[in-house]
Every structure is written in structure tokens, then in C-alpha cells.
Amino acid sequence: MSSQKNEVVIGLEVHIQLTNLKTKLFCSCSNNYRGAEPNSYVCPICIGLPGSLPAINKKAIEFATRLAIALNGNINESIYFFRKNYFYPDMSKNFQISQYNKAGGKAFADGGQITIKLNSHKKDIILNRIHLEEDPARLVHKGSIATSPYTLVDYNRSGVCLIEIVTEPVISSPEEAREFLKQLKSIVQYSEISNLDYEGSVRVDANISIRGHERSEVKNINSFREVERALRHEIVRQKNLLKRGKLLAQETRHWDDKRRITISLRTKEFEADYRYFPEQDLVPIEIDDEFIQKVKDELPEMPRERSIRLRRDYNLSEFDSDNLVLDKDIADFYEDGVNSDASFGPDEYKQFCNWLMNDVSRWLNEQNKTINDTKLHPHQIVDLIKYINEGKITTKIAKTIIKDMMEGFSISEILEKKGKKRISDEKLLNKFGNEVIEENPNIVKDCRKNPKAIEALIGRVMAKTRGQADPHITRAIMLELLKELGIIT
Ligand SMILES: [Zn+2]
């Protein structure tokens, strides 16, 4: 039992840009501001000029409905927007159009959950609500925020559609938070509402406390990857203060991702400070059952259903299929590959999955790339598996050519370039085999009792040929030589 006084309580507020929308939330300016000339995607509405009137983007309502259904939330049938008042250069009209679930207001959807799996334990992370709001402008600093002599404002981002997902404070560790965000990212990708690999497309605020003490809110963590780090740091900071008998203050802190520490910004502001009131320039939005049903019918297959299907169709384990479906592009790649060759069966399905989840994924992680950033084609993995199974290359060689395959080269091209053809000359392999037997009397002795010891001898031949010996022929030769010596029968 963990001691009650050290129990960690975490709640997350995840802001996601709906990057797949064409226009902003309340005007017809382009939603895709990335790479554009600063302040070129603006109009009277999104910079809040007096007299301009916002109008809701219907597609944004559809996207929010998709996500709410995918997260199992209850969509409210009538919603209206609120003004959240604050004064800051990133919000030229001095209020943000958002939703508010008090004072008669309702969130877009209440409840919902995401099931996570950690160390083979399942846990439902319960959601409080999801809601829509507009993104503020982007403040651009020269160098760091602390040392910059001036601040520039780019209003291209002002009015871009955000969806906020708020969890209940039910997350108990940074690892659980990481798994939750992983699943959320996957569901968003499958819902086709956003590409969260875009820089700046996610921002997370985290409420963290040690049970029984005041909580702090760490603001503006700018990537899912940083969340786990920020949480770890903040938990240690709070525990250390408690250990020294200090009181924790309710405050807002900033995550400095360069120094990897949280810094106190201000004592926590309270909701009353925002003076929420209904946005009278927008009519209430009615969402009827017919609309919800239509969106539901058109909802793409979600990761959880896909995982069940992959287990059934390709005989994969739960572990393999759950990992495979996490990134939709990887899962698409997998299915394209294994379906492209009629000779493939359960063994090859498993092999394909292993190559993708091990060597390919590791390389993508190291390079911080997605599968679509590479020139790798599913058919190249099919060829790789066939080359291995036909004994044309060893698994060891296959591992070394993965990087070149990512650049789009075919196996035959790579082998030609590297001169790494297999050695299948039996005379030559016989010579190496005899050398290995002479040099390793102890392993040879082991082969009498343990048939698996032959693998060590084959490994020595591989080493001598720098991995180029044909594994099938080598095995046959070693068996033959050991029989001749009377070691095995
Ligand atoms: Zn605009």
C-alpha cells in the first residue's frame, strides 16, 4: 500500500487545435496559419474590430461531435458561447469566446473516458467535459521570454479553433498521464480532425497536488512529450517542500522546457476574475439526435475496434495489435503490406509486425519522424521478409539495411551497393565450419547435451563472414560436421 500522504493527484486540460478545418472558428480566414506571413490571415472578426460579428463554423461543430462520440461523452443538445474576459496582447478584443459549464452554460459534451493500459493494468481515465474555444494570437519573443527586449504579436493564430479536453483529477502518476495522452492522440488521429504532429497544435495545463494539500497548475506545456517531464519535476518539488515542513501555495506555474523546471508565475487566479458572461453575438446552437446519428454513422473505425479486428484477421496478440493501431499511418502501412502478397500467412503477419514495431519504429523515434516522412513502401518490408525466409539474407544483414530502405532503396539495390550478398559457397562455408569447431572445443562438447548449443557455432561462422554466410546452408553444414564427429546423431 502506498502511503496516503504521498498520493499524487493529477488532472489535465488538453487544448487541441482542429488543424484539419479549413477556416477559423468564427470567420472565414484560413485555419492553416503555419508558414504564412505574420498578420496576413486576419479579418475584422478575428482581430475583434468593433461592429464585427462572429458566425460559427459548422464543420467545427461536426468535428467536436466526432470527438465527443469517440470519447463516449454526452453531447449537450443546446449550447451557447461565453466571453472569458482578460486583458493581454494575445487577445485584441480583451475577451476569448469560449464555453462555460456554469451560470446556465453548458460544455459541448460532459463526461466520457479513455481506457489506458499500464503494466497490463487497465484503468478508465474519466473526463469531466470537452468544449470549443478560439485560440489567442501568437506572441513571438526574440530569444527567451525572460531576456527578449520586445514582443511581437502574430494574429494569424487568433480565432483558430481549439477543442479542450478536461479530465477529472483521477490520474495518479506521470506514466498514466503519458498513456492517456498517447491514446488521446491516437483517437484524434483516427477521428481525422487534427494532425497533432504539427508544431504548436497541442498545449496542456496540468493540475498537480499531493492529496490533502493545495494544488498548483502548470501552464502551457507545449508538447505531449513534455507533460511527463513537467509532472515529474513538479511532484518532486512539492514533495521536497512538504518534507521540509513548508506549506504549498495554490499557484500558477510555467514549465520552462529548456531548463526543465517549473517557475511560479502568479498566485492562482479564480474564475470570478474572468467575469464570464454569455456571448450575445452568437445564437445558441441546437444539436439534435439526427445530426449526432449521422456523424456516428460516418465515424471512421476507431483504434480500439481496429485492434480487435487485427487480432482476428491477422492472428496477432493483444499486445501487438494494440501497439500497431496506436499510429493510424503505421497500421495502414501494415495492412497495405500484408495484404499485398497472397503468399503471406500468420508467420509473415507476425514478422511484418515485428519489423514495423521494432526496427522501423525505433528508427522513426530516433529521427523524430513519422512513417509518411520516409520513402519506405510496404512492399519493401514484404521483400525483406521474403529474402530472409528464402535464406537470401540473414536477419542480421536485414537489420543493417533498414536505414537505406527508409530512403526508398530496394533490397537488391542495397545489397548490390554494399556487396553484402550472402555466401552460399559450400566449400568455403565448410572451411569456416571446421575452423569454428577447432577453435571452440567447449561449445562442441556442449552440443552433446544441449542441441541448442549449435546456434553458438553458427553464430561464430556468421561472425567470421561478417554476417554474410547463408544461414540455412551454414546450419546444414554444421549439423553434418557434428554428425561426422559423432557429437550428435
Ligand atoms: Zn478572420
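Residues numbered from 1 in each chain as written. Predicted model: local features only at pLDDT ≥ 70, side-chain atom pairs only at ≥ 80, totals over all residues. Heavy atoms only, no water.

## Looking at the overall build of the chain
Link 1 in the chain: Along the chain, the regular secondary structure elements total 15 helices and 17 strands.
Link 2 in the chain: For 489 residues, the compact-globule estimate of 2.2 N^0.38 gives 23 Å, and the chain exceeds it by more than 25% at 29 Å.
Link 3 in the chain: Considered along the principal axes of its C-alpha atoms, the chain spans approximately 95 × 55 × 50 Å.
Link 4 in the chain: Across the 489 residues of the chain, 48% fall into the buried class.
Link 5 in the chain: Within the chain, residue pairs in contact and separated by at least 24 positions form 68% of the contacts whose partners lie at least 6 positions apart. (Helix = DSSP H or I, 4+ residues; strand = E, 2+ residues; numbered from the N terminus. Rg over C-alpha atoms; globule rule 2.2 N^0.38 Å. Buried < 20%, exposed > 50% of the residue type's maximum accessible area, 1.4 Å probe, protein only. Contact = heavy atoms within 4.5 Å.)

## What about the nonpolar core?
The nonpolar side chains of soluble globular proteins are, as a tendency, buried together.
Link 1 in the chain: Ranked by internal contacts, the top residues of the largest apolar core, which has 100 residues, are Leu12 and Phe108.
Link 2 in the chain: By size, the runner-up hydrophobic cluster in this structure holds 20 residues, among which are Ile423, Ile437, Cys447 and Leu481. (Core = buried A, V, L, I, M, F, W, Y, C linked by side-chain atoms within 4.5 Å.)

## A closer look at a negative patch on the surface
Link 1 in the chain: Negative charge collects at one region of the surface, where Glu77, Glu286, Asp288, Asp289 and Glu290 lie side by side.
Link 2 in the chain: With respect to the helices, strands and loops of the structure, Glu286 is situated in strand 17 (residues 285-286). (Patch = residues over 30% accessible without salt bridge, like charges linked within 9 Å, V, L, I, M, F, W, Y side chains within 5 Å. Areas by Shrake-Rupley, 256 points an atom, 1.4 Å probe, with all protein chains shown as cover. Salt bridge = Lys/Arg side-chain N within 4 Å of Asp/Glu carboxyl O. Lys, Arg positive; Asp, Glu negative; His and termini not counted. Charge placed at Lys NZ, Arg CZ, Asp CG, Glu CD.)

## With respect to the coordination of the zinc ion
Link 1 in the chain: Those donors, Cys27 (SG), Cys29 (SG), Cys43 (SG) and Cys46 (SG), are the protein atoms that reach the zinc ion, and they lie 2.3 to 2.4 Å from it.
Link 2 in the chain: For the zinc ion, the 4 donor atoms in the first shell make angles of 103 to 113 degrees at the metal, so the coordination geometry reads as tetrahedral. (Donors = N, O, S within 2.8 Å, 3.2 Å for Na, K, Ca; no water. Tetrahedral: all angles 85-135°; square planar, octahedral: opposite > 155°, others 65-115°.)

## Points about helix 1 (residues 58-70)
Link 1 in the chain: The end-to-end C-alpha separation of helix 1 is 19 Å, in line with the 18 Å expected for 13 residues at 1.5 Å each.
Link 2 in the chain: Burial analysis of helix 1 places 10 of its 13 residues in the buried class, the great majority of the element.
Link 3 in the chain: Taken residue by residue, helix 1 has Ala60, Ile61, Glu62, Phe63, Ala64, Thr65, Arg66, Leu67, Ala68 and Ile69 as its buried positions.
Link 4 in the chain: Looking one or two places after helix 1, you find Asn72, whose phi comes out positive at around 70 degrees. (Expected span 1.5 Å × (residues − 1).)

## Things to note about the packing of aromatic side chains
Link 1 in the chain: Scanning the model with the defined rule gives 9 aromatic pairs in all.
Link 2 in the chain: Ring geometry for Tyr314 against Tyr334: centres 5.6 Å apart, planes inclined by 90 degrees, an arrangement best described as edge-to-face. Residue Tyr314 is located in helix 5 (residues 303-314), and its partner Tyr334 is located in helix 7 (residues 328-339); the two are separated by 20 residues in the primary sequence. Considered together, Tyr314 and Tyr334 belong to a single accessibility category, that of buried residues.
Link 3 in the chain: For the ring pair Tyr314 and Tyr349, a centre distance of 5.1 Å and an interplane angle of 85 degrees mean the geometry is edge-to-face. With Tyr314 in helix 5 and Tyr349 in helix 8 (residues 346-367), this pair connects stretches of sequence that are 35 residues apart.
Link 4 in the chain: Taking the relative accessible area as the measure of exposure, Tyr349 reaches 14% and is therefore buried.
Link 5 in the chain: Here the aromatic residues Tyr80, Phe82, Tyr100, Tyr274 and Tyr276 are joined through ring pairs into a cluster of three or more.
Link 6 in the chain: Across from the ring centre of Tyr274, 4.4 Å away, lies the NZ or CZ of Lys84, which sits over that ring. (Phe/Tyr/Trp six-rings, centres within 6.5 Å; stacked < 30°, edge-to-face > 60°. Lys NZ or Arg CZ within 6 Å of the ring centre and 35° of its normal.)

## Observations concerning the packing of helix 5 against helix 7
For any two helices packed against each other, one specifies the crossing angle of their axes together with the interaxial distance.
Link 1 in the chain: Put simply, helix 5 and helix 7 touch, their axes get as near as 13 Å, and they point 20 degrees apart. Taken together, the axes of helix 5 and helix 7 are roughly parallel relative to one another. Between helix 5 and helix 7 lies a crossing of left-handed hand. For the pair helix 5 and helix 7, contact is made by Arg306, Arg309, Leu310 and Tyr314 and by Lys328, Ala331, Asp332, Tyr334, Glu335, Val338 and Asn339, respectively.
Link 2 in the chain: Here the residues of the contact of helix 5 with helix 7 sort into 5 nonpolar, 1 polar and 5 charged. (Axes fitted to C-alpha atoms, helices over the stretch in contact; angles between N-to-C directions. Parallel < 35°, antiparallel > 145°, perpendicular 65-115°, else oblique. Left-handed = near helix turned anticlockwise from the far one by under 90°. Nonpolar A, V, L, I, M, F, W, Y, C, P; charged D, E, K, R; others polar.)

## Observations regarding the pattern of salt bridges
Link 1 in the chain: Scanning the entire structure with this criterion turns up 44 salt bridges.
Link 2 in the chain: Close ionic contact of Glu279 with Arg83 constitutes a salt bridge, the shortest N to O distance being 3.1 Å. With Glu279 in the loop between strand 16 (277-278) and strand 17 and Arg83 in strand 4 (residues 82-85), this residue pair connects regions lying 196 residues apart in the sequence.
Link 3 in the chain: The exposure class of Arg83 is buried, given its relative accessible area of 18%.

## Description of helix 13 (residues 441-449)
Residues that lie three or four places apart on an α-helix share one face, since the helix turns once every 3.6 residues.
Link 1 in the chain: Within the span of helix 13, buried status applies to Ile443, Val444 and Cys447. Taken down its axis, helix 13 places every buried residue within 105 degrees of arc, on the same side. Turned more than 90 degrees from where helix 13 packs its buried face, Pro441, Asn442, Lys445, Arg448 and Lys449 sit exposed.
Link 2 in the chain: Buried residues along helix 13 sit against helix 12 (426-439), helix 14 (454-464) and helix 15 (471-484). (Arc of directions from axis to C-beta.)

## A closer look at the pairing of strand 14 (residues 251-256)
Link 1 in the chain: Summarising burial for strand 14: 5 of the 6 residues are buried, a large majority.
Link 2 in the chain: The pairing of strand 13 (residues 216-221) with strand 14 spans 4 bridges and is parallel. Note on strand 14: the bridge partner recorded for Glu217 is Thr252.
Link 3 in the chain: Once the chain exits strand 13 it traverses helix 3 (residues 224-243) before rejoining the sheet at strand 14, and the crossover so formed is left-handed. (Pairing = 2+ DSSP bridges. Right-handed = clockwise from strand over helix to strand, strands pointing away.)

## A few points about the environment of Glu217
Link 1 in the chain: With respect to the helices and strands, the residue Glu217 is situated in strand 13.
Link 2 in the chain: Residue class for Glu217 comes out buried when judged on its relative accessible area of 3%.
Link 3 in the chain: Along the sequence, Glu217 and Gln250 sit 33 residues apart, while their C-alpha atoms lie 8.0 Å from each other.

## Some words on the pairing of strand 4
Link 1 in the chain: A two-sided burial pattern is seen for strand 4, the buried positions comprising Phe82 and Lys84 on one face and Arg83 and Asn85 on the other.
Link 2 in the chain: Bridge analysis of strand 4 against strand 5 (residues 95-98) gives 4 bridges, and the strand direction is antiparallel. Residue Phe82 lies in a different strand from strand 5, and its bridge partner there is Ser98.

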